[in-house]
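Letter by letter, the chains look like this.
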Amino acid sequence: MKKMISLLFISSLSLVGCTTTDTTICDPTNKNLGILDKMSCNFSGHYQERVDQKTQILIDEQATNSQFKALYAEIEKQKNDSSANVKQKQADLNRLQKNLTQLTDELKQKAIGRDDLQQQIKDIDQQLNTVKNSSSSEIEKQVELDSLNNKLKKLQKALSL
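Residues numbered from 1 in each chain as written. Predicted model: local features only at pLDDT ≥ 70, side-chain atom pairs only at ≥ 80, totals over all residues. Heavy atoms only, no water.

### Details of the overall build of the protein chain
Tallying secondary structure elements over the protein chain gives five helices and zero strands in all. Put simply, the protein chain runs from its N terminus to its C terminus through helices and strands in the order α-α-α-α-α. In the protein chain, 52% of the contacts between residues at least 6 apart in sequence involve partners at least 24 apart. On the protein chain, roughly 12,300 Å² of surface is accessible, and the fraction owed to carbon and sulfur atoms is 56%. (Helix = DSSP H or I, 4+ residues; strand = E, 2+ residues; numbered from the N terminus. Contact = heavy atoms within 4.5 Å. Areas by Shrake-Rupley, 256 points an atom, 1.4 Å probe, with all protein chains shown as cover.)

### What to know about the confidence of the model for the protein chain
Looking at the protein chain as a whole, the pLDDT averages 79, with 84% of positions reaching at least 70. Within the model, the stretch residues 17-21 combines pLDDT values under 50 with eight contacts to residues more than four positions away or in other chains. (pLDDT = per-residue confidence, 0-100.)

### Observations concerning the environment of A111
The residue A111 is located in the loop between α3 (46-110) and α4 (115-133) in this model. Remark: the alpha-carbon pair of A111 and I121, spanning ten residues in sequence, is separated by 8.7 Å. For A111, the residues in contact, after removing those within four places along its chain, are L117, Q118, I121 and L159.

### Some points on the pattern of salt bridges
Under the definition given, this model contains three salt bridges. K77 is paired through a salt bridge with D81; the nearest N and O atoms lie 3.5 Å apart. Note that K77 and D81 are positioned in helix α3 at a spacing of four residues, about one turn of the helix. By relative accessible area, D81 is classed as partly exposed at 39%. In this structure, the salt-bridge partner of R95 is D92, at a minimum N-O distance of 3.0 Å. Of the two residues, R95 and D92 both sit in helix α3, three residues apart, roughly one turn of that helix. By relative accessible area, R95 is classed as partly exposed at 45%. Accessibility expressed as a relative area gives 27% for D92, which makes it partly exposed. (Salt bridge = Lys/Arg side-chain N within 4 Å of Asp/Glu carboxyl O. Buried < 20%, exposed > 50% of the residue type's maximum accessible area, 1.4 Å probe, protein only.)

### Some remarks on the packing of α3 against helix α5 (residues 138-158)
Two elements in contact, α3 and α5, have axes separated by 10 Å at closest approach and are oriented at 25 degrees. The orientation of α3 relative to α5 falls into the category roughly parallel. Like other packed secondary-structure pairs, α3 and α5 cross with a definite hand, here left-handed. Contact residues: α3 offers Q90, L93, L96, Q97, L100, L103, T104 and L107, while α5 offers E138, K141, Q142, L145, D146, L148, N149, L152, L155 and Q156. In the contact of α3 with α5, the residues fall into nine nonpolar, six polar and three charged. (Axes fitted to C-alpha atoms, helices over the stretch in contact; angles between N-to-C directions. Parallel < 35°, antiparallel > 145°, perpendicular 65-115°, else oblique. Left-handed = near helix turned anticlockwise from the far one by under 90°. Nonpolar A, V, L, I, M, F, W, Y, C, P; charged D, E, K, R; others polar.)

### Examining the side chain of Q97
For Q97, the position within the fold is in helix α3. Exposure remark for Q97: the relative accessible area of 12% places this residue in the buried category. When near neighbours in sequence (up to four residues on either side) are disregarded, Q97 contacts K132 and L145.

### Quick look at the nonpolar core
With 16 residues, the main nonpolar core has L100, L107, L145, L148, L152 and L155 as its most contacted residues. Of all the secondary-structure elements, those providing two or more residues to this core are α3, α4 and α5. Beyond its immediate chain neighbours, meaning those up to four positions away, L148 contacts L100, I124, Q127, L128 and V131. (Core = buried A, V, L, I, M, F, W, Y, C linked by side-chain atoms within 4.5 Å.)

See below:
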């Protein structure tokens, strides 16, 4: 008889536990749940569903985070590449300015006694100084310096150097 009563008691407890398996109740942070409610949530699989949902959210967020890291790395790479390009362009521009200055000085020496060529060289020298001191972009300076270089080469041919 005692076995029957205990079996009846256990089965009634399990039935009570099955009826209270609402997903809103089965929140692990809910401190007001009784032991039977917690057992019911555990055996019904609601806790595991919640763990699975949180795990999936974590996996999704990790994937998004890795995409952001890859994007950030690509931006950093482009920034470094463009910085290197700017430094290279600046070095090229400085080298061209130095070469133009040297060529202008050479032509000044060769054009002694020829006032028409000395005036052209003086004009080119002034333009070169204007370009050096201008606040225009590197590309604009490059174009102007190339133009001045062409003028100096023509003068060089005129002097038959």
